[in-house]
Amino acid sequence: MTDGIRDLAPAELAAPAEELEQVEKPEQVGEAEQVEKPEQAKEAGDAEPSAEPSAGLSRRRAWVAAVAVGAVLLSAAGVGASLVIKSPAQAAAEAGPPPLDVLVARVEKRVLRDTLVVRGTVTSAQAVQVTPVVAGGEGSGPPVVTKVAVGQGDPVVAGKVLLEVSGRPVFALPGALPVYRDLKPGATGDDVKQLQKALAGLGHGTGSDKAGTFGAGTKAALGSFYKSIGYDPLPAVADGGEAVNGAEDAVTTAERSLEDVKAAARSGTGGTGTAGGKGDPGATGGKGAGQDAARSVARAREDLAKARERLAAARAAAGPMVPAGEVVFLESFPARADSVGVRPGSAVSGAVMTLSAGALVVRGQLAEHQKGLVRAGQKVEILSEVSGVTAAAEVLSVADTVSVPPAPNGGQGEGQGQQAPAPSGPSGYEMLVRPLAALDAKLAGQDVRLTVEAAATDGNALVVPVTAVSAGTDGRTSVTVVDGTGAQRRVEIRPGTTGDGYVEIRPTGDGVIADGDSVVIGVEPGVADEQPGGGKSGGGS
């Protein structure tokens, strides 16, 4: 070789070729490639006679070895860290007691309420069903509605005509006492007093009549009222005035008889024509005639007095009356027509409309098993699901007898205006609920939810689920308290108010139990059957 480059011996070229073959040769390389590589290496050696390839391969192998050692060290460090470092949750779990073989619940300290939920309907304090009773006269047919003056939802004022039945009005007057009889002249009582007050309130005074007595002043006021609504009042005695006329004729006859007797007494004949027989002493005949005349005058006067008494009685009984079927007394006005189930032409059979008056209340029905839980004065929450309005209320009364709530009368009937039968609500004991504040008038007629507080503890109390309380063979009631290590201890208690699945407890004797303690409420089947050593408990040996 020239230029200072010497020829390399074959042995010098073979070593680099063998190293290159060991590093770069793939495992799947064929034999042909293995034969060719020494030749390629030799050619490369002819072209690159320097020792730089050997140094580069050595550095690469060093880096690979360093990376492998580093990976091993990091893996070992991670495993070691996992054995030493623990999360707080893991540490707490490993430090806790073993799983309990019982179910537990926390003791709570709060107000315990026993509630009862029922449905109710918002209505006025007074609900009256109008049931006209019309006594048909001779030749009259069955009662029929001839006019309807109010519609469903219309306001009703005092003195307003509601409807007309067989030509007669049915009107509303203020009063709390329901009508139960016809009010006629000469009648006395609180219902008469109520009528007098209602007429006076409408501007028809009763004059000098005593309160509660249907006298001449009340008759005049009643006649004036009927005239104001466009009707004639019915007479209390339907005889066309014959009783009064007959009494007046009797008085006239008695007066004339008295006058005749007096005239005869003045003539000295005693009304007999002669004083005595012929030859009799005149004095004797005159004395007897005078006595007879005086007696006749006295009797005539008695007859006249009786006739005048009968006339006064006849006149007192005569005059206008208020039939029970023509008036409806309501506690307050304006009232409201909740339902109207008739129209002109409808035959009258039962209630024809329903009126309500007074402040809004809620009426609900209690089942037999619920009645004993509810009493007057208990707190109630009213909830309207339609509007979301809630209101505080209280139980006003609970009926002692079972009743069926009236079915709402809606729409018109069939045929000649007769109302088709409507299904009634479920029977039960009516519960009347009074709101503590006035309800919105828009709630009238709505179906609402009533939550009655049947019982409540006096302030905060310790309460546990009812399943935590047990009674021993000795008759003592207790609960079982479990501490953090699983140890159990029995605490004797006295149960109190129950409600919504919980019961109030009061420790007795030396027993101690506090808010937040755990009490046993049952057995954990999956754990309780496990025995130490992994075996299952048998049914006994």
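Cut-offs and rules
- Residues numbered from 1 in each chain as written.
- Predicted model: local features only at pLDDT ≥ 70, side-chain atom pairs only at ≥ 80, totals over all residues.
- Heavy atoms only, no water.
- Helix = DSSP H or I, 4+ residues; strand = E, 2+ residues; numbered from the N terminus.
- Buried < 20%, exposed > 50% of the residue type's maximum accessible area, 1.4 Å probe, protein only.
- Contact = heavy atoms within 4.5 Å.
- Areas by Shrake-Rupley, 256 points an atom, 1.4 Å probe, with all protein chains shown as cover.
- Expected span 1.5 Å × (residues − 1).
- Pairing = 2+ DSSP bridges.
- Axes fitted to C-alpha atoms, helices over the stretch in contact; angles between N-to-C directions.
- 1 Å grid on protein atoms, 1.4 Å probe; cavity = no way out; pocket = protein on both sides within 12 Å on 5 of 7 lines; lining within 4 Å.
- Points joined across faces, edges and corners; volume = space filled by probe spheres on them.
- Nonpolar A, V, L, I, M, F, W, Y, C, P; charged D, E, K, R; others polar.
- pLDDT = per-residue confidence, 0-100.
- Salt bridge = Lys/Arg side-chain N within 4 Å of Asp/Glu carboxyl O.
- Phe/Tyr/Trp six-rings, centres within 6.5 Å; stacked < 30°, edge-to-face > 60°.
- Lys NZ or Arg CZ within 6 Å of the ring centre and 35° of its normal.

## Digging into the overall build of the protein
- When helices and strands are counted, the protein shows 10 helices and 22 strands.
- Taken over 541 residues, the protein has a buried fraction of 30%.
- When contacts within the protein are restricted to residue pairs at least 6 apart in sequence, those whose partners lie at least 24 apart make up 71%.
- Counting every atom, the protein has about 32100 Å² of accessible surface; 54% of that belongs to carbon and sulfur.

## Overview of helix H6 (residues 216–228)
- For H6, with 13 residues, the first-to-last C-alpha span of 19 Å sits near the 18 Å given by 1.5 Å per residue.
- Along H6, the residues classified as buried are Gly217, Thr218, Lys219, Ala221, Leu222, Phe225 and Tyr226.
- Remark: Gly230 follows H6 within two positions and exhibits a positive phi of approximately 90 degrees.

## A closer look at the sheet that holds strand E7 (residues 168–174)
- Spatially, the 4 strands line up as an open sheet ordered E4-E6-E7-E10, and their pairing is mixed. The open sheet has two edge strands, strand E4 (145–148) and strand E10 (327–330), and neither has a second partner. Pairwise comparison of adjacent strand axes, ignoring direction, gives a mean angle of 20 degrees for this sheet.
- Here 4 bridges tie strand E6 (residues 161–165) to E7, and the two strands are oriented antiparallel to one another. Across the sheet, residue Leu163 finds its bridge partner in E7, namely Val170.

## Quick notes on empty space enclosed by the protein
- Enumeration over the complete set of coordinates arrives at 1 cavity of 30 Å³ or more.
- Here the largest cavity is characterised by a volume of approximately 30 Å³.
- If you go around the largest cavity, the residues you meet are Leu177, Pro178, Val179, Tyr180, Arg181, Leu183, Asp191, Gln194 and Phe329.
- When grouped by side-chain class, the residues that make up the lining of the largest cavity number 6 nonpolar, 1 polar and 2 charged.

## What about unusual backbone geometry?
- The step from Phe333 to Pro334 runs through a cis peptide bond, and the omega angle for that step is 0 degrees.
- Looking at the element boundaries, Pro334 is found in the loop between E10 and strand E11 (335–340).
- In this structure, Ser166 is a non-glycine residue whose phi angle is positive, near 50 degrees.
- A relative accessible area of 36% places Ser166 in the partly exposed class.
- The phi torsion at Asp500 lies on the positive side, around 55 degrees, for a residue other than glycine.
- Asp500 sits in the exposed class, given a relative accessible area of 52%.

## Re the environment of Ala254
- Residue position: Ala254 is located in helix H7 (residues 242–267).
- Note: C-alpha distance between Ala254 and Glu302 (48 residues apart in sequence) is 8.9 Å.
- Dropping the residues within four chain positions of it, Ala254 is found in contact with Ala300, Asp303, Leu304 and Ala307.

## Comments concerning the side chain of Thr206
- Locating Thr206 in the fold gives a position in the loop between helix H5 (190–201) and H6.
- Here Thr206 falls in the buried class, since its relative accessible area comes to 13%.

## Observations concerning the confidence of the model for the protein
- In this model, the protein carries a mean pLDDT of 79, and residues with pLDDT of at least 70 account for 73%.
- Throughout residues 1–47 the model reports pLDDT below 50, and contacts reaching past four residues in sequence, or to other chains, amount to 21 contacts.
- Predicted confidence for residues 408–423 stays below pLDDT 50, and this span has 30 contacts to residues more than four positions away or in other chains.

## Describing the side chain of Thr218
- On the secondary structure map, Thr218 appears in helix H6.
- Contact partners of Thr218, with chain neighbours within four places excluded, come to Gln196, Leu199, Thr206, Asp209 and Thr213.

## A few points about the pairing of strand E3 (residues 113–130)
- Of the strand pairs in this sheet, E3 and strand E16 (residues 447–456) are connected by 9 bridges, and their pairing is antiparallel. By the bridge assignment, Val118 is partnered in E16 with Leu450.
- Bridge count between E3 and strand E12 (residues 353–366): 10 bridges; the pairing is antiparallel. From the neighbouring strand, Val122 faces E12, where its bridge partner is Val362.

## Some remarks on the pattern of salt bridges
- On inspection of all chains with the given rule, the structure shows 14 salt bridges.
- The shortest N-O distance in the salt bridge between Glu108 and Arg110 comes to 2.9 Å.
- One salt bridge in this structure joins Arg476 and Asp474, with 3.9 Å as the shortest N-O distance.
- Through salt bridges that share partners, Arg119, Glu385 and Asp447 make up one connected network.

## Concerning the packing of aromatic side chains
- Summed over all chains, the structure comprises 3 aromatic pairs.
- Ring centres of Phe171 and Phe225 lie 5.0 Å apart, and the angle between their planes is 70 degrees; this geometry places the pair in the edge-to-face category. Remark: Phe225 occurs in helix H6 and Phe171 occurs in strand E7; sequence separation between them is 54 residues.
- For the ring pair Phe225 and Tyr226, a centre distance of 5.9 Å and an interplane angle of 70 degrees mean the geometry is edge-to-face. Assigned by exposure class, Phe225 and Tyr226 land together as buried.
- Grouping aromatic residues by their ring pairs yields a cluster made of Phe171, Phe225 and Tyr226.
- Lys371 extends its terminal NZ or CZ atom over the ring of Tyr429, reaching a point 5.4 Å from the ring centre.

## A few points about the pairing of E16
- Strand direction decides the pairing type here: strand E13 (residues 379–383) and E16, joined by 4 bridges, are antiparallel. Residue pairing across strands places Glu381 opposite Thr451, the latter belonging to E16.

## Digging into the environment of Gly167
- One can find Gly167 in the loop between E6 and E7.
- With relative accessibility at 31%, the residue Gly167 sits in the partly exposed group.
- Through-space distance from the C-alpha of Gly167 to that of Lys147 is 8.1 Å; in sequence the pair is 20 residues apart.
- Aside from chain neighbours lying at most four places away, what touches Gly167 is Thr146 and Tyr231.

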